[in-house]
Amino acid sequence: MTQPPKGSAAPPPGTGVPGGPALPAVPPRSGPVPEQRSGGTPAPPTPPSPAEPRRTAFAEGVDRLRAAAVTEPGRLRIIGALLAVLVVAFGTVTAWQMNTRSTAADDVLTRSQPLSSAAADIYRSLAEANTAASSGFLAGGQETEDSRTRYNHGISAAAEGLVTAAANSEPKSPAATTIAELNRLLPQYKGLVERARTYNRQGFPVGGAYLRYANEKMQEEMLPAAEDLYQKEKQRLSADYGDAKPYPWAAIALGVVLLAALAWAQHRNYRRTNRVLNHGLVAATATATIVLLWLVVGHSVARSNLADSYEHGVRSLNALNEARIASLKARGNENLTLVSRGAETTKVGDKTYDSYDLAFGKNIDALGKALADAERLADDKAGEQPVDTAGGKMTEWKKRHASAREQDENGNYQQALDLVIGGEGATVECFDGVDEALATALEHEKKEFRLAAGDGLGAMGHLPEGAGVLAGLGAAGALLGIGRRLSEYR
């Protein structure tokens, strides 16, 4: 038997017998014993837990933003971005709103009011042609050159006005439909007047019937259509005023919010650094203040001037146009009273009146009312004087007309005719005086309107462009000011 050498230590665990295989130091552990079912068969392994869903980019961005917000540089970046967005938004909204109002004010001055006046001129030209036709008819075969010229001028002016109105109206719009109707009726009216003249020169009484038919077409179809066109253009003018005058509240509110945000940012900067001024933020505040003041003051001045142009321009022009139209209609009915010689009558209550003479009285009343409105709206002596002159001529006209009617009712037709279309002392002098005075007043009020509306448009001039430029400078200043603070952390 072999003995181990004396003094030798026992072999360390795991080395085994020399020359034999190494034994493990710790017996290997067996795997977990599978859980036994009641029948003795092992249970299936437990499935692995599902992996967490991948987060969206938005959620990760929110986390990064939240993490950045807890540091001062992160807060500064957020503040700078918000200030830049507010400055750009303020400049954009200001430019947009003021561009809209400036465009509407320009339309008032250069488009809608001139078209409204053009529509009134169409009405007046048609009424003038109708009045001149009846005056020429009363002269018989000795039609004066003045009445013929007035008739031709009225027809030509109406045709030119319709061309202008058609060029500035939207296709298939109600205004375009009205213009097309007037273009259809105008040649028919001219044909009836020419027939009336032809038969009148030959001494045929049927000429008077043709003239009354032409007048009926004018009074019942053409003038109502022209008045409808005039009302539509007035509505468009009122709509343009409605777009130009409202305050830009959205831009003003954004400006106030921006100034409050800039003040808070500068106060925060002062509390953390004890530095009174940040040049970039001060520059942004200055540009925002300039834009806001320019916006409020400029639009207030523009609004005031536009209101003045409407109150003492447009309303005065409307009253004067109504007065001139009423005088033309009164003159036409006065002439037709002698043309018809009582053929057209109207019964009011128990009394019978000549239809044209009754219409003359209504027209004179409308003339007096319009002159009173025009005098009340006139804001200077140059506007009041021609209206006063027209009022005096109207009073004299009524007196002479009463004398002419008295002669006609007494059977003195020639004397009545002389008092209407004759020379000195005839009603035609009063009519001409009223028409000339109203033309002078209209020209004056048009100048007043153009001055006031032009000043209103000028007060908004360059404001949209200026707001955009200053907003860009303000945004740059805000970013530079915040960037200056951020550089202290690098």
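Before going into details, it helps to say that this report is about the structure given with it.

Quick notes on the rules
Residues numbered from 1 in each chain as written. Predicted model: local features only at pLDDT ≥ 70, side-chain atom pairs only at ≥ 80, totals over all residues. Heavy atoms only, no water. Phe/Tyr/Trp six-rings, centres within 6.5 Å; stacked < 30°, edge-to-face > 60°. Helix = DSSP H or I, 4+ residues; strand = E, 2+ residues; numbered from the N terminus. Buried < 20%, exposed > 50% of the residue type's maximum accessible area, 1.4 Å probe, protein only. Expected span 1.5 Å × (residues − 1). 1 Å grid on protein atoms, 1.4 Å probe; cavity = no way out; pocket = protein on both sides within 12 Å on 5 of 7 lines; lining within 4 Å. Points joined across faces, edges and corners; volume = space filled by probe spheres on them. Nonpolar A, V, L, I, M, F, W, Y, C, P; charged D, E, K, R; others polar. Axes fitted to C-alpha atoms, helices over the stretch in contact; angles between N-to-C directions. Parallel < 35°, antiparallel > 145°, perpendicular 65-115°, else oblique. Left-handed = near helix turned anticlockwise from the far one by under 90°. Core = buried A, V, L, I, M, F, W, Y, C linked by side-chain atoms within 4.5 Å. Contact = heavy atoms within 4.5 Å. Pairing = 2+ DSSP bridges. Salt bridge = Lys/Arg side-chain N within 4 Å of Asp/Glu carboxyl O.

## Focus on the packing of aromatic side chains
Then step 1. Scanning all chains against the criterion turns up six aromatic pairs.
Then step 2. With a centroid separation of 5.5 Å and an interplanar angle of 20 degrees, the aromatic rings of Tyr199 and Tyr210 are classed as stacked. Highlighted residues: Tyr199 in helix α4 (residues 174-201) and Tyr210 in helix α5 (residues 206-244), separated in sequence by 11 residues.
Then step 3. Judged by centre distance (5.4 Å) and plane angle (45 degrees), the ring pair of Tyr247 and Trp249 falls under tilted.
Then step 4. With a relative accessible area of 59%, Trp249 lands in the exposed category.

## Comments concerning helix α3 (residues 145-167)
Then step 1. Helix length check: α3, at 23 residues, gives a terminal C-alpha distance of 33 Å against a target of 33 Å (1.5 Å per residue), a fit within 8%.
Then step 2. Buried within α3 are the following residues: Ser147, Tyr151, Gly154, Ile155, Ala158, Gly161, Leu162 and Ala165.

## Brief notes about empty space enclosed by the protein
Then step 1. According to the stated counting rule, one finds seven cavities of 30 Å³ or more in the structure shown.
Then step 2. A volume near 40 Å³ is recorded for the second largest cavity.
Then step 3. In terms of lining, the second largest cavity is formed by Val87, Phe90, Gly91, Leu258, Thr287, Ala288, Val291, Ala467, Leu470 and Ala471.
Then step 4. Those elements giving two or more residues to the lining of the second largest cavity turn out to be α2 (72-138), α7 (279-340) and α12 (463-486).
Then step 5. The class makeup of the residues in the lining of the second largest cavity is eight nonpolar, two polar and no charged.

## A word on the layout of surface pockets
Then step 1. Looking at the largest pocket, its volume works out to about 470 Å³.
Then step 2. Surrounding the largest pocket, 23 residues form its lining, Glu128, Asp146, Arg150, Phe431 and Asp432 being those nearest its centre.
Then step 3. Secondary-structure elements contributing two or more residues to the lining of the largest pocket are α2, α3, α7 and α11 (427-459).
Then step 4. Per-element accounting of the lining of the largest pocket gives the leading share, seven residues, to α2.
Then step 5. For the lining of the largest pocket, the residue count by class is seven nonpolar, seven polar and nine charged.

## What to know about the packing of α7 against α11
Then step 1. Where α7 contacts α11, the two axes come as close as 8 Å, and the packing angle between them is 165 degrees. Relative to α11, α7 is oriented roughly antiparallel. Where α7 crosses over α11, the two elements pack in a sense that is left-handed.

## What to know about the nonpolar core
Then step 1. By size, the foremost hydrophobic cluster in this structure holds 108 residues, and its most contacted members are Leu126, Tyr189, Leu367 and Trp397.
Then step 2. Looking at this core, the element that brings in the most residues is α2, giving 22 residues.
Then step 3. Not counting chain neighbours up to four residues away, the residues in contact with Leu367 comprise Ala323, Ala326, Ser327, Met394, Trp397 and Val434.

## Notes on unusual backbone geometry
Then step 1. Its identity as a non-glycine residue notwithstanding, Lys172 has a phi of 65 degrees, on the positive side.
Then step 2. With respect to the element layout, Lys172 can be found in the loop between α3 and α4.
Then step 3. Judged by its relative accessible area of 84%, Lys172 is exposed.

## With respect to the pairing of strand β2 (residues 351-354)
Then step 1. With four bridges connecting them, strand β1 (residues 345-348) and β2 associate as antiparallel partners. If you follow Thr345 over to β2, its bridge partner there is Asp354.
Then step 2. Between β1 and the antiparallel strand that follows it, β2, lie two residues; Gly349 among them carries a positive phi value of about 65 degrees.

## A closer look at the environment of Ala475
Then step 1. Structurally, Ala475 is set in helix α12.
Then step 2. Placed 395 residues apart in sequence, Ala475 and Gly80 show a C-alpha to C-alpha distance of 9.1 Å.
Then step 3. For Ala475, the contacting residues outside a window of four places in its chain are Ala84, Val87 and Val88.

## Some details on the packing of α5 against α7
Then step 1. The contact between α5 and α7 brings their axes to 13 Å, and the two run at 175 degrees. For the element pair α5 / α7, the angle class is roughly antiparallel. On α7, the residues that touch Gly208, Leu211, Arg212, Asn215, Gln219, Tyr230, Lys234, Leu237, Tyr241 and Ala244 of α5 are His299, Leu306, Ser309, Tyr310, Val314, Asn318, Asn321, Glu322, Lys329, Leu336, Val339 and Ser340.
Then step 2. Looking at the contact of α5 with α7 residue by residue, the classes come out as 10 nonpolar, eight polar and four charged.

## Concerning the side chain of Thr178
Then step 1. As for its position among the elements, Thr178 is in helix α4.
Then step 2. Residue Thr178 is classed as buried on the basis of its relative accessible area of 9%.
Then step 3. Non-local contacts of Thr178, meaning those with residues more than four positions away in its chain, are made with Ala225, Asp228, Leu229 and Lys232.

## Some words on the pattern of salt bridges
Then step 1. A full pass over the atoms with the stated rule returns 18 salt bridges.
Then step 2. Among the ionic pairs, Asp373 bridges to Lys369, the shortest N-O distance being 3.6 Å. Placement of both Asp373 and Lys369 in helix α8 (residues 355-377) is noted, with a separation of four residues, approximately one turn of the helix.
Then step 3. The exposure class of Asp373 is partly exposed, given its relative accessible area of 23%.
Then step 4. Given the relative accessible area of 57%, Lys369 is considered exposed.
Then step 5. Its salt-bridge partner being Glu429, residue Arg400 comes within 3.1 Å of it at the nearest N-O pair. Residue Arg400 is found in helix α9 (residues 381-409), and its partner Glu429 is found in helix α11; the two are separated by 29 residues along the sequence.

Just geometry here; none of it tells us what the structure is for.
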